[in-house]
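# Reading the structure
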Amino acid sequence: MTRTAGSKGEKTLSALREAGLRRLSQQGFSGMTLRELAGDVGIQAGSLYNYFQNKQDFLYQVLLTVMEDLSEELNGKLKGAETPRKAMLAYVDCHVSFHSSRKQEVVISTMELRSLNKENYQKIVTLRDRYEGQFRHILEWGNQEQVWKVSDPQVATKLILGMMTSVGTWYKAGGRYQISDLVLIYQDMIDNLLRNEVGTHTMNSMIDYGERLETNAKNRPL
C-alpha cells in the first residue's frame, strides 16, 4: 500500500490493512467494498485513494506485503547458515513460524490469488517462485555436499513446502503446542526425510495426497 507521511498516515494505513484482512476473510474479495472498508476505520471513502488506487490495488498490496515480509524474514534467518543443513533448518523455522503466526494472511493470499488481474497475479507468482526456489537451491546444495541425496529437488521442494504450509490450516494459538514446538517437530521430520533418501515415487505419492488435502481445505468456507 502507498506509504503516507506522518504517524497518523501510518496508523490509518495499518488500520486499513487490518480491517481489509477481516473483510477479505469474512466476505472474500468479490463481497467486500471500499466504502465498507472506509467505514471500518472511520474515514471518507475518497480518502482511501491516498493509500491505494482501487480495490484491485488494495488486494495486490495485501498479497505483496505478505510475500515481502516472508522473504525478508527468510533472508534474515538464512544469514550465517554456513552449511546446507543449517540453511534447511533456518528455512523450515521461517516457513512454519510465519504460516502459524500469520495464518489469516496466508490463507487469504492462497484463496484470493485468483482474484488478481493478470499483471498483478504474475508479479506475486514470481515472488512466490523465487521464495520456493531458495529451498530448491538448498536441496541442490546439500546434494553437492553429500549431506543428503535427493533424487528430484524440484519435486521434493513442492512436497516439503506443502507439508509445512498445511500448518496454517490446523494450528490454533493456545493449543497443545506453541509455534516453537512445531518448528522443532517439522525440522526433525524434514531432516529425517532428507537423510533417508526418499525416492521420487514416494515423494510423488505424498504430493498427490497433499494436493487432495489442500483441495479439501480450499473447498471449506472461510
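Since the model is a prediction, treat every value here as computed from it, not as a measurement. (Residues numbered from 1 in each chain as written. Predicted model: local features only at pLDDT ≥ 70, side-chain atom pairs only at ≥ 80, totals over all residues. Heavy atoms only, no water.)

## Focus: the side chain of R23
The condition that has to hold: Secondary structure counts use DSSP, requiring at least four H or I residues in a row for a helix and at least two E residues in a row for a strand, with both numbered from the N terminus. Here the term buried applies to any residue with accessible area under 20% of the maximum for its type, exposed to any over 50%, and partly exposed to those in between, with areas from a 1.4 Å probe on protein chains only. Whenever two N or O atoms come within 3.5 Å, that pair is a polar contact, provided that in protein one can donate a hydrogen and the other can accept it, and provided that, for residues adjacent in sequence, both atoms are side-chain atoms. Contacts: residue pairs with any heavy atoms within 4.5 Å of one another.
Structurally, the position occupied by R23 is in helix α1 (residues 7-31). Owing to a relative accessible area of 18%, R23 belongs among the buried residues under this scheme. Among the polar contacts listed, one links the side chain of R23 to the side chain of D40, at a separation of 2.7 Å. Not counting chain neighbours up to four residues away, the residues in contact with R23 comprise G28, M32, E36 and D40.

## Digging into the nonpolar core
We apply this condition: By nonpolar core we mean a set of buried residues, namely Ala, Val, Leu, Ile, Met, Phe, Trp, Tyr and Cys, connected to one another through side-chain atoms within 4.5 Å.
Formed by 58 residues in total, the largest nonpolar core has its most connected members in M88, I160, M164 and I190. If you list the elements that add at least two residues to this core, you get α1, α2 (34-41), α3 (55-78), α4 (84-101), α5 (103-111), α6 (118-144), α7 (153-165) and α9 (179-195). In contact with I190, not counting residues within four places along its chain, are M88, V92, I160, M163 and M164.

## A few points about unusual backbone geometry
Phi is positive for Q146, which is not a glycine, with a value near 60°. Within the secondary structure layout, Q146 lies in the loop between α6 and α7. Given the relative accessible area of 71%, Q146 is considered exposed.

## Brief notes about α2
To be explicit about the condition: Here, the arc refers to the directions that run from the helix axis to the C-beta atoms.
Considered for burial, the residues of α2 that qualify are L34, L37 and A38. Looking down the long axis of α2, one finds its buried residues gathered within 100° of arc, a one-sided arrangement. Opposite the packed face of α2, turned more than 90 degrees from it, sit the exposed residues R35 and G39.

## Let's talk about the packing of α7 against α9
Cut-off, in case you're wondering: Axis definition: a line fitted to C-alpha atoms, limited for helices to the stretch in contact. Angles are taken between N-to-C directions and run from 0 to 180 degrees. Should an angle fall under 35 degrees it is taken as roughly parallel, and over 145 as roughly antiparallel, whereas 65 to 115 is taken as roughly perpendicular and any remaining angle as oblique. In this scheme the handedness of a crossing depends on how the near helix is turned from the far one: anticlockwise by less than a right angle means left-handed, clockwise means right-handed. Any residue that is not Ala, Val, Leu, Ile, Met, Phe, Trp, Tyr, Cys, Pro, Asp, Glu, Lys or Arg is counted as polar, Gly included; the first ten are nonpolar and the last four charged.
Contact geometry for α7 and α9: axes closest at 12 Å, N-to-C directions at 160°. With respect to their mutual orientation, α7 and α9 come out roughly antiparallel. The two elements α7 and α9 cross, and the hand of that crossing is right-handed. Of the residues in α9, those touching α7 at L159, I160, M163 and M164 are Y186, M189, I190, L193 and L194. Residue classes in the contact of α7 with α9 are distributed as 9 nonpolar, no polar and no charged.

## Points about the pattern of salt bridges
Rules: For this document, the term salt bridge refers to a Lys or Arg side-chain nitrogen within 4 Å of an Asp or Glu carboxyl oxygen.
Counted according to the given criterion, the structure contains 11 salt bridges. For E105, the salt bridge is made with R17, and the minimal N-O distance between the two is 2.5 Å. Highlighted residues: E105 in helix α5 and R17 in helix α1, separated in sequence by 88 residues. Judged on exposure class, the residue E105 and its partner R17 are both buried. Note that R23 is salt-bridged to D40, the shortest N-O span being 2.7 Å. A residue pair is termed long-range when its members are at least 10 positions apart, and R23 in helix α1 and D40 in helix α2 qualify at 17 residues. Counted as one network, the salt bridges with shared partners bring together R17, D69, R102 and E105.

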